[in-house]
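# Structural characterization, general
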Amino acid sequence: MDVPAFVETFNPVYYAIPLFILLVAIEMIHARLTGSTQFEARDSASSLLMGLGSTVSGVLFAGLVTAWAMFVYQFRLFDIGFAWWVWPVAFVFDDFMYYWAHRFGHTVRWFWADHIVHHSSQHYNLTTALRQSWLGPLTLKFLWLGSVMILIGFHPLVIGIVSGFNLIYQFWFHTEAIKKMPPWFEAVMNTPSHHRVHHATNPVYLDRNYAGVFIIWDKIFGTFQPELEDEKCRYGIVRNIGTYNPLKVAVHEWLAILKDMRHAKSPREAMMYLLAPPGWSPDGSRATSKQIKARWRARQGEGETSGSATGADSAPAAPSGIAPAE
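All values reported here derive from a predicted model rather than from experimental measurement.

### A closer look at the overall build of the chain
Across its full length, the chain carries 14 helices and zero strands. Listing every helix and strand of the chain by position from the N terminus yields α-α-α-α-α-α-α-α-α-α-α-α-α-α. A compact globule built from 326 residues should have a C-alpha radius of gyration of about 20 Å, and the chain, at 20 Å, falls within 12% of that. Overall, the chain is about 70 × 55 × 40 Å in size when its C-alpha atoms are taken along their principal axes. Counting every position in the chain, which comprises 326 residues, the buried fraction comes to 48%. If you take every contact in the chain between residues at least 6 apart in sequence, the share linking residues at least 24 apart comes to 75%. For the chain, the accessible surface area stands at approximately 16000 Å², while carbon and sulfur atoms represent 67% of it. Each charge class in the chain was averaged separately, 26 positive and 25 negative side chains, and the resulting centres sit 7 Å apart.

What follows is the structure, given as structure tokens:
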């Protein structure tokens, strides 16, 4: 199949980098003038270094991922090609796959060890969008979730381009400077309000709003939660790591998994530490997001019964592997 020349060389993310830098600068100025967004110099520097490391990692692993994609493409069911209609269909399909990859990233500890990097900041601004993992390909998600569209017949380069536009879209909504978009937009698209919920550790917000571009996936699959006016988002992870060191940010959860597996009392227990939801423990001494939410709901019910308003209680202490929500 002949590949159009522009498809072979076009990477939308590279072209968007100057825009990212400009928007971060604008947000910082806006924050200084209005106080609408919180910045912490060391935190922002850590996020920027994580973004730089992720870019380098992407280049280093590009050959491996590309080789796998082209290998899988040999077994495609259809030759979909590069017609104009392929691009919007691929964009929507890619966002659907992103929803599930992201959801697994919060509900399987092996994948959470990679994704936790993005959630490890206690601040929410545009530099947080750049806070990305260095070791993503090591999770091997590209071997299965990354192969679905290729097996159907979408060319790997088409997928790469629409995925790039997906990531570009996700940049702008990592901010507190924008409160709400018009109702029709909030109903269909992911927005700053929806994604603030996703990054929050409040029990009512845990495990919600996994969408990349279209919030409709969360509404369809029961994971949508609107931002509440009387419930301010608290960012980070349930038990914050307390460091700005990029190396520690990158690997701390991988090391925690290895430690847990080393002390496991059986092979099954070791595998559960790897594949169960973040926060799982054999004796129940830790708590998963689902357990945290259940305990919070129980406390809410007790408060209503006793006539006292409990509000949104803080989550109980938990290991750094707890997911704050997908």
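### Description of a nonpolar patch on the surface
Nonpolar side chains collect at one region of the surface, where Tyr14, Tyr15, Ile17, Ile21 and Val59 lie side by side and expose about 570 Å² of accessible area between them. In terms of residues, the nonpolar patch owes the most to one element, helix H2 (residues 12-34), which gives four residues.

### Here we look at the nonpolar core
Within the largest apolar cluster, 37 residues are counted, with the highest numbers of intra-cluster contacts made by Trp87 and Phe154. Mapped onto this core, the elements with two or more residues apiece are helix H3 (41-73), helix H4 (86-107), helix H7 (148-152) and helix H8 (156-171). No other element matches H4, which puts seven residues into this core. With near-sequence residues (within four places) excluded, Trp87 lies in contact with Phe6, Val7, Phe82, Val158, Ile161 and Val162.

### Here's the deal with H3
Helix length check: H3, at 33 residues, gives a terminal C-alpha distance of 45 Å against a target of 48 Å (1.5 Å per residue), a fit within 8%. The largest bend along H3 reaches roughly 50° and is located at Phe61. Within H3, burial applies to Asp43, Ser44, Ser46, Ser47, Met50, Gly51, Gly53, Ser57, Ala69, Val72 and Tyr73. Residues of H3 that are buried in the fold lie against helix H5 (109-119), helix H6 (126-129), H7, H8 and helix H12 (246-262). Its side-chain oxygen placed 2.7 Å from the backbone nitrogen of Arg42, Glu40 serves as the N-cap of H3.

### Re the pattern of salt bridges
The tally for this structure, following the rule as stated, stands at seven salt bridges. Notably, a salt bridge pairs Asp43 with Arg131, separated by 3.6 Å at the nearest N-O pair. Taken together, the residues span a long stretch of sequence, with Asp43 in helix H3 and Arg131 in the loop between H6 and H7 at a distance of 88 residues. Each member of the pair, Asp43 together with Arg131, is buried. Glu253 is the salt-bridge partner of Arg109, the closest N and O atoms lying 2.7 Å from each other.

### Some remarks on the confidence of the model for the chain
Residue-level pLDDT values for the chain average 90, and 92% of them are 70 or greater. Contacts from residues 307-326, a stretch scored under 50 in pLDDT, to residues over four places away or in other chains number 87 contacts.

### Looking at unusual backbone geometry
In this model, Leu140 sits at a positive phi of 70°, which is unusual for a non-glycine residue. Along the polypeptide, Leu140 turns up in the loop between H6 and H7. You can call Leu140 partly exposed: its relative accessible area is 40%. At Asn209, a position not held by glycine, the phi torsion is positive, near 60°.

### Quick look at the side chain of His195
Residue placement: His195 occurs in helix H10 (residues 192-199). In this structure His195 touches His118, Tyr124, Phe173, His174, Asn190 and Asn209, once residues within four positions along its chain are discounted.

### Considering the environment of Ala113
Its location among the elements puts Ala113 in helix H5. Given a relative accessible area of 1%, Ala113 falls into the buried group. Along the sequence, Ala113 and Ala177 sit 64 residues apart, while their C-alpha atoms lie 29 Å from each other. Dropping the residues within four chain positions of it, Ala113 is found in contact with Glu253, Trp254 and Ile257.

### Points about the packing of aromatic side chains
All told, the structure shown has 25 aromatic pairs when counted by the stated rule. Note on Trp100 and Phe221: the rings are 5.0 Å apart at their centroids and 65° apart in plane angle, and the pair reads as edge-to-face. Of this pair, Trp100 sits in helix H4 while Phe221 sits in the loop between helix H11 (216-220) and H12; the two residues are 121 residues apart in sequence, bridging distant segments of the chain. Assessed through its relative accessible area of 23%, Trp100 is described here as partly exposed. In this structure, Arg76 packs its charged tip against the face of Tyr73, placed 4.0 Å from the ring centre. Sitting over the ring of Phe224, Lys219 keeps its end group 5.0 Å from the ring centre.

Rules of the game
- Residues numbered from 1 in each chain as written.
- Predicted model: local features only at pLDDT ≥ 70, side-chain atom pairs only at ≥ 80, totals over all residues.
- Heavy atoms only, no water.
- Helix = DSSP H or I, 4+ residues; strand = E, 2+ residues; numbered from the N terminus.
- Rg over C-alpha atoms; globule rule 2.2 N^0.38 Å.
- Buried < 20%, exposed > 50% of the residue type's maximum accessible area, 1.4 Å probe, protein only.
- Contact = heavy atoms within 4.5 Å.
- Areas by Shrake-Rupley, 256 points an atom, 1.4 Å probe, with all protein chains shown as cover.
- Lys, Arg positive; Asp, Glu negative; His and termini not counted.
- Charge placed at Lys NZ, Arg CZ, Asp CG, Glu CD.
- Patch = residues over 30% accessible without salt bridge, like charges linked within 9 Å, V, L, I, M, F, W, Y side chains within 5 Å.
- Salt bridge = Lys/Arg side-chain N within 4 Å of Asp/Glu carboxyl O.
- Core = buried A, V, L, I, M, F, W, Y, C linked by side-chain atoms within 4.5 Å.
- Expected span 1.5 Å × (residues − 1).
- Bend = angle between axes of the 7 residues up to and from the residue.
- Polar contact = N/O pair within 3.5 Å; in protein donor to acceptor, adjacent residues only side chain to side chain.
- pLDDT = per-residue confidence, 0-100.
- Phe/Tyr/Trp six-rings, centres within 6.5 Å; stacked < 30°, edge-to-face > 60°.
- Lys NZ or Arg CZ within 6 Å of the ring centre and 35° of its normal.

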